[in-house]
Amino acid sequence: MLYRNRRSIKWITYTFILLTVIFTLGCSNLGYYAQSVSGGYEVLSKREPISDVLQDPSVPDSTKDKLRVVLEIRDFASQELQLPDNDSYRTYVDLQRPYVVWNVFAAPEFSMQMKEWCFLFVGCVRYRGYFDEQDAQEYANELKQEGLDVYVPGITAYSTIGWFDDPVLNTIINRDEIRLAGLIFHELSHQEVFVKGDTAFNEGFSVTVELEGVKRWLEHQNSPELMQKYQQRKERHKQFVALVNQTRDRLETLYGSSEEPGTMRDKKSAIIEDLKQQYQQLKVGWEDYAGYDRWFSKPINNAQIAAVTTYRDYVPAFQALLAKNNHDMRAFY
């Protein structure tokens, strides 16, 4: 009960401050902020300590087993990776849906420069998140009417970047141990370092912490089988990102040319079709792995391609900085 009272008071205070600022600024995006507040409240108000969930006879044993692993990963994050030691990922919420938010990404038809949106507290970011899929699709349709390429993926993870203690959600609980660990390390790292208004920096940093954290977690588990699985998955992801980066570079070269719009549109389609064919060739060496089929299942455009590369551009530089600091996480931060 004390936990619930504390979180309710904190949320009410935050909501009051946020709405006061919005009305003071005469914000034209009041509807968007309102859905952000109500959606966030839905997530945070339903939190239950994992220790309580483990005692609940109505919760499936498979879920309890995963939550026990989550608590081990959570302790490891603070003890080994020096990530914030708070109540984040020590509570659980079942939202009864497969995604927590739907993000809208957009880019011009002939440019890889993603559209940015600027918000209170977090600055400018390259996506706009909605807690309701229909709202996200309606906004995406507005952007399409403006001639933009639009991408609307469902997102399973959720972070308030340290404003509140983030819960474990049902949307991620069915991930395997490696992906669960990576996600927790990634999201907690946003609480450690976050540069307002710089998506590429923040995501590159968090991916670096995620990769280092998973490597250490698997060493700690001393499981050759898991380590082999992780290395294989990492190599496949590296190949996928390299393929998308290659396509991005080809498109940027095309967009910088003096081709007429009609010709440029045809060549753009040909480059994207080539990407699909190269992916099918790449999969031949992946046995039955189909982890990126969903990404290729819908029409591919600039926004979708740019969303992948945003998360990876700065990773090599961050990894070099980590090595320069002898993999001392505190010194790295």
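Below is a short write-up of the structure. The structure displayed is predicted, hence computed values, not measured ones. Numbering of residues begins from 1 in every chain and follows the order in which that chain's sequence is written. Selection of residues for local features in this predicted model requires a pLDDT of at least 70, selection of side-chain atom pairs for listing and counting requires 80 or more, and totals for whole chains, interfaces and linings are taken over all residues. The basis for every side-chain value is the complete set of non-hydrogen atoms in the structure, without hydrogens or water.

Right, let's talk about the packing of helix H8 (residues 224-255) against helix H11 (residues 302-310) for a bit. Inter-axis angles, ranging from 0 to 180 degrees, are taken between N-to-C directions of lines fitted to C-alpha atoms, where helices are fitted over the stretch in contact. Going along the chain from the N terminus, every DSSP run of H or I of four or more residues is numbered as a helix, and every run of E of two or more is numbered as a strand. Their axes nearest at 9 Å, the elements H8 and H11 cross at an angle of 125 degrees. Here H11 runs oblique to H8, going by the angle between their axes. Seen along the crossing, H8 lies across H11 with a hand that is left-handed. In this structure, H8 uses Phe 240, Val 241, Val 244, Asn 245, Thr 247, Arg 248, Leu 251 and Tyr 255 to contact H11, whose residues at the interface are Asn 302, Ile 305, Val 308 and Thr 309. Under this grouping Gly is polar, as are all residues other than the nonpolar Ala, Val, Leu, Ile, Met, Phe, Trp, Tyr, Cys and Pro and the charged Asp, Glu, Lys and Arg. Here the residues of the contact of H8 with H11 sort into seven nonpolar, four polar and one charged. Any angle that is under 35 degrees is reported as roughly parallel, and any over 145 degrees as roughly antiparallel; angles of 65 to 115 degrees are reported as roughly perpendicular and all others as oblique. When the near helix sits turned anticlockwise from the far one by under a right angle, the crossing is termed left-handed; a clockwise turn instead gives a right-handed crossing. In this description, contact between two residues means that some pair of their heavy atoms is separated by no more than 4.5 Å.

Now for the pairing of strand S7 (residues 148-151). Of the two faces of S7, the one lined by Leu 148 and Val 150 and the one lined by Asp 149 and Tyr 151 are each fully buried. Two strands form a pair only when DSSP identifies at least two bridges running between them. Bridge analysis of strand S3 (residues 101-108) against S7 gives four bridges, and the strand direction is antiparallel. Across the sheet, residue Pro 108 finds its bridge partner in S7, namely Leu 148. For each residue, the accessible area found with a 1.4 Å probe, counting protein chains only, is set against the maximum for its type, and the residue is called buried under 20%, exposed over 50%, and partly exposed in between.

The next thing to look at is the side chain of Arg 175. Looking at the secondary structure, you find Arg 175 in the loop between strand S9 (168-169) and helix H6 (177-192). Residues counted as positive are Lys and Arg, residues counted as negative are Asp and Glu, and His and the chain ends are not counted. Salt-bridge detection follows one rule: a side-chain nitrogen of Lys or Arg within 4 Å of a carboxyl oxygen of Asp or Glu. No salt bridge is formed by the buried Arg 175; the nearest opposite charge belongs to Glu 210, separated by 6.9 Å. With sequence-adjacent residues up to four places away left out, Arg 175 is seen in contact with Lys 66, Thr 156, Leu 180 and Leu 183.

Glancing now at empty space enclosed by the protein. Throughout, the protein atoms alone are placed on a 1 Å grid, and a set of points is a cavity if a 1.4 Å probe fits but cannot get out or a pocket if it is open with protein on both sides within 12 Å along at least five of seven lines; lining residues have an atom within 4 Å of a point. Grid points are joined across faces, edges and corners, and a volume is the space filled by probe spheres set on the points. A full pass over the atoms with the stated rule returns one cavity of 30 Å³ or more. Its boundaries defined by the atoms lining it, the largest cavity holds a volume of some 30 Å³. Contributing to the lining of the largest cavity are Tyr 89, Thr 156, Ala 157, Tyr 158, Pro 167, Val 168, Leu 169, Ile 172, Leu 183 and Glu 187. Among the secondary structure elements, those contributing two or more residues to the lining of the largest cavity are S9 and H6. Along the lines of polarity and charge, the residues of the lining of the largest cavity split into eight nonpolar, one polar and one charged.

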